[in-house]
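Structural characterization, general
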Amino acid sequence: MNSVAQTTSFRPADRLSQIGVSEILKITGLANELKRQGRDVIVLGAGEPDFDTPENIKEAAVRAIAAGQTKYTALDGTAELKAAIRHKFKTENGLEFEQSEITVAAGAKQVIYNAMMATLDPGDEVIIPTPFWVTYADIVIIAGGKPVLVPCKEENGFRLSPEDLEAAITPKTRWLMLNSPSNPSGAAYSEAQYRPILDVLLKHPQVWLMVDDMYEHIVYGDFRFVTPAAIKPELRNRTLTINGVSKAYAMTGWRIGYAGGPAALIKSMAVVQSQSTSCPSSISQAAAVEALTGPQDILLQRRKSFEERRDLVVKALNNIEGITCRVPEGAFYTFSSIAGLVGRKTPEGRVVESDSVFADYLLRSADVAVVPGSAFGLAPYFRISYATSLAELEDACKRIGAAVAKLRPEGR
Ligand code: PLP
């Protein structure tokens, strides 16, 4: 009996042992539980726009279904979608790619997964500027590589410094991952800020560059988005430029991401994809063609709306004593410091010794769910996703302010 029980009991693979349950999922789980209990919880954790997918895109998907585009497609994207992506890269980013240099997957997340699975051998290192989107490190680990986290100070706008990059590079470094505008910090690199970093890479030809431009269209004020391969054409033969329709066109559920890069890399990534998902959804690909080639005015409208929300949240948070919030250049997140609150006590006598305790306190006592910075590798901070209504954001900031006002200074 015993031996049967032993052989049939579940045993996860070793590779999962280093991947913790995401803090975001834990908080969302607790927030949902509180909601079920009837509490009016405001969840500011979502990594997706609250807008709906534009009608013209939905209609293109319906047309694709009616026309029978319901079969497997070419492995890493239809010719039509690849053509639309090439056109997008050329006109918006100044990057010219051949068809063989384009890949399409079920989300940018799968593009990253394919790239790491296709290139990493055990012990290969991947440099990840921190704070980072949690997925980067976990995918590197699943692929057998080693994430090398490089903290990026708030004083440097949460951007990687060329000196820190130089110090992190070893003979085992395979990739540097860059994400601008960033999830979670909202920080973005201007051309002048990118240049010194790219100059370091030029000295290390074994290091490839993975650029995640997912939030390209969500930038504010006079910030001008630019992508590294356009700044340094010398790096083109070792840069993978990733983008997608999820955030720009509010299409997170459609699962379409894409990238442009050297043909040999793209081909190896297709091999990985061929034995995982075969191809992205045919219907979603048809919708993505419409997203990229149809009317683009929606981008500006939504950007304006996000900017209004950013301004409200940044102002409200900076008015709370003990919290400081850097003005993000893009994406829909704020990443605020609670250094001024660490050590204070909650009314229940619990010491706010970390951003995790702070997030837990906000959720339990103020019914606001935020994500602690430690979940993204940098403490003591917390991330707010402001992809929700102005009214809800205003209410959430008021609740945070009231909860912070109840914290007692150290020693009292
Ligand atoms: N890249 C960044 C920086 C993100 O924040 C996200 C989603 O949160 C993605 C990529 C994932 O995009 P997709 O929906 O295309 O997988």
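Reference entry: report on the structure contained in this document. Note that this is a predicted model, so its numbers are computed, not measured.

1. A closer look at the site of the ligand
The full set close to the ligand counts 13 residues, and Ala108, Asp212, Ser246, Lys247 and Arg255 are the nearest of them. Here lysine 109 contributes a backbone N or O atom positioned 3.0 Å from an oxygen atom of the ligand. Contact distances for the ligand include 2.8 Å between an oxygen atom and a side-chain N or O atom of asparagine 183. Within the complex, the protein chains bury 93% of what would otherwise be the 400 Å² of accessible surface of the ligand. In this structure, the ligand is accommodated by the largest pocket.

2. Structural notes on empty space enclosed by the protein
Within the structure shown, the criterion is met by three cavities of 30 Å³ or more. In this structure, the largest cavity encloses a volume near 140 Å³. Pro129, Pro131, Phe158, Asn179 and Ser182 are the residues nearest the centre of the largest cavity, which is lined by 17 residues in total. Empty space within the second largest cavity amounts to approximately 60 Å³. Taken together, Pro49, Phe51, His217, Ile218, Lys247, Ala248, Ala250, Leu299, Arg302, Arg303 and Phe306 make up the full set of residues lining the second largest cavity.

3. Re the nonpolar core
Core analysis: the biggest nonpolar cluster contains 67 residues, and Met116, Leu240, Leu317 and Ile323 have the highest contact counts within it. Contact partners of isoleucine 323, with chain neighbours within four places excluded, come to Leu317, Asn318, Ser336, Ser337, Ile338, Leu341, Phe358, Phe382, Ile400 and Val404. Phe97, Val104, Ala248 and Leu299 belong to the second-largest nonpolar core, a separate cluster that totals 25 residues.

Reading guide: rules and limits
Residues numbered from 1 in each chain as written. Predicted model: local features only at pLDDT ≥ 70, side-chain atom pairs only at ≥ 80, totals over all residues. Heavy atoms only, no water. Near = heavy atom within 4 Å. Polar contact = N/O pair within 3.5 Å; in protein donor to acceptor, adjacent residues only side chain to side chain. Areas by Shrake-Rupley, 256 points an atom, 1.4 Å probe, with all protein chains shown as cover. 1 Å grid on protein atoms, 1.4 Å probe; cavity = no way out; pocket = protein on both sides within 12 Å on 5 of 7 lines; lining within 4 Å. Sits in = over half its atoms within 2 Å of the grid points. Points joined across faces, edges and corners; volume = space filled by probe spheres on them. Core = buried A, V, L, I, M, F, W, Y, C linked by side-chain atoms within 4.5 Å. Buried < 20%, exposed > 50% of the residue type's maximum accessible area, 1.4 Å probe, protein only. Contact = heavy atoms within 4.5 Å.

Keep in mind these values describe shape, not function.
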